[in-house]
Amino acid sequence: MQGTPRSLRPHIGIFGRRNVGKSSLINALVGQEVAIVSDVPGTTTDPVFKPIELLPFGPVVLIDTAGLDDEGFLGELRKKKSLEILNRCDVALLVWDGKNRLYFRAGNSEAPPGTKCACPRCGEQNRRNPSTP
Ligand SMILES: Nc1nc2c(ncn2[C@@H]2O[C@H](COP(=O)(O)OP(=O)(O)OP(=O)(O)O)[C@@H](O)[C@H]2O)c(=O)[nH]1
Ligand SMILES: [Mg+2]
């Protein structure tokens, strides 16, 4: 099992906004500090690939990624890299900070007014962009 080539292992990517705990999750799953954790948003820049035995499933590759809300010139490049991994991976884990509401999006546009929050707990109306057509 340990000799399973990386290309043959299912790839499990960890995605989400900055500072939501993606690197903390990969460290917890692996049981080692494979990724740097800090309270500074944008700590993870390049993706971190970690082959592990995920019992009882078997050999997989876990991937920690940069935040999908990264900003600036370099931030856009990091986002692009994260999205490339999202397109290639077999399983995507979305990490979400429960302090923020989660909205459904249609394509690249913000959810229209009246869209329910995706959070099963609150279900409040979307007030983030009330003027969006
Ligand atoms: N309260 C709380 N804090 C957490 C939890 N998981 C992580 N944190 C804290 O949240 C901060 C960000 O954690 P990271 O794991 O670095 O988050 P990240 O999503 O990898 O951040 P970026 O690499 O910047 O995108 C750190 O201060 C962590 O200690 C959690 O489950 N609960
Ligand atoms: Mg990180």
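**Some thoughts on the overall build of the protein**
Argument step 1. Within the protein, the regular secondary structure consists of two helices and four strands.
Argument step 2. Secondary structure elements in the protein, listed N-terminal to C-terminal, are β-α-β-β-α-β.
Argument step 3. Taking all 133 residues of the protein together, 17% fall into the buried category.
Argument step 4. Across the protein, the fraction of contacts at a sequence separation of at least 24, relative to all contacts at a separation of at least 6, is 48%.

**Looking at helix 1 (residues 22–30)**
Structural remark: α-helix, 3.6 residues per turn; residues separated by three or four positions point the same way.
Argument step 1. Buried residues of helix 1: K22, S23 and I26, and no others. Down the axis of helix 1, the sector holding all buried residues measures 95 degrees, keeping them to one side.
Argument step 2. Considering only its buried residues, helix 1 is in contact with strand 1 (11–15), strand 2 (48–54) and strand 3 (58–64).
Argument step 3. A positive backbone phi angle near 80 degrees is found at G31, which sits one or two residues after helix 1.

**Quick notes on the pairing of strand 2**
Argument step 1. Sheet topology note: the strand 2/strand 3 ladder contains seven bridges and is antiparallel. Bridge pairing in strand 3 places K50 opposite L62.
Argument step 2. Counted between consecutive antiparallel strands, the loop separating strand 2 from strand 3 contains three residues.

**Quick word on the sheet that holds strand 2**
Argument step 1. A sheet is described by the order of its strands in space; here four strands give the open sequence 2-3-1-4, paired in mixed fashion. Edge positions in the sheet fall to strand 2 and strand 4 (91–94), since each has one partner strand and no second. Averaged over neighbouring strand pairs, the angle between their axes works out to 25 degrees when direction is ignored.
Argument step 2. Looking at chain direction, strand 1 and strand 4 are connected through four bridges and run parallel.

**Looking at the confidence of the model for the protein**
Argument step 1. Taken residue by residue, the protein gives an average pLDDT of 83. The fraction at 70 or more is 73%.
Argument step 2. Segment residues 123–133 is flagged for pLDDT under 50; beyond a separation of four residues in sequence, or across chains, it makes 17 contacts in the model.

**A few points about the environment of K22**
Argument step 1. Looking at where K22 falls in the secondary structure, it is placed in helix 1.
Argument step 2. The exposure class assigned to K22 is buried, which follows from the 29 C-beta atoms found within 10 Å.
Argument step 3. Between the C-alpha atom of K22 and that of V95, which follows or precedes it by 73 residues, the distance is 6.3 Å.
Argument step 4. Discounting chain neighbours no more than four positions away, the residues touching K22 are I14, G16, T44, D64, T65 and V95.

**With respect to unusual backbone geometry**
Argument step 1. For the peptide bond that leads from L55 to P56, omega is 0 degrees, which places it in the cis range.
Argument step 2. Structurally, the position occupied by P56 is in the loop between strand 2 and strand 3.
Argument step 3. Phi is positive for N19, which is not a glycine, with a value near 70 degrees.
Argument step 4. On the secondary structure map, N19 appears in the loop between strand 1 and helix 1.
Argument step 5. On the basis of neighbour count, N19 is assigned to the partly exposed category, with 18 C-beta atoms found within 10 Å.

Cut-off values and rules
Numbers given for residues are sequential positions, taken from 1 along each chain in its written order. To label them, take the chains in the order written and letter them from A, then take the ligands in the order written and number them from 1. Per-residue local features of the predicted model are confined to residues with pLDDT of at least 70, and side-chain atom pairs are confined, for both listing and counting, to 80 or more; whole-chain, interface and lining totals are unaffected and use all residues. Helix numbers and strand numbers start at the N terminus; a helix is a DSSP run of H or I with at least 4 residues, a strand a run of E with at least 2. Here the C-beta atoms are placed from the backbone, and a residue counts as buried if at least 20 other C-beta atoms lie within 10 Å of its own, exposed if 12 or fewer do, and partly exposed otherwise. By the convention adopted here, residues are in contact when the distance between their C-beta atoms, placed from the backbone, does not exceed 7 Å. Relevant arc is that of directions from the helix axis to the C-beta atoms, nothing else. Pairing between two strands is assigned when DSSP locates at least 2 bridges connecting them. Every angle, taken between N-to-C directions, lies between 0 and 180 degrees, and every axis is a line fitted to C-alpha atoms, over only the stretch in contact when it is a helix. Scored from 0 to 100, pLDDT records how confident the predictor is in each individual residue.

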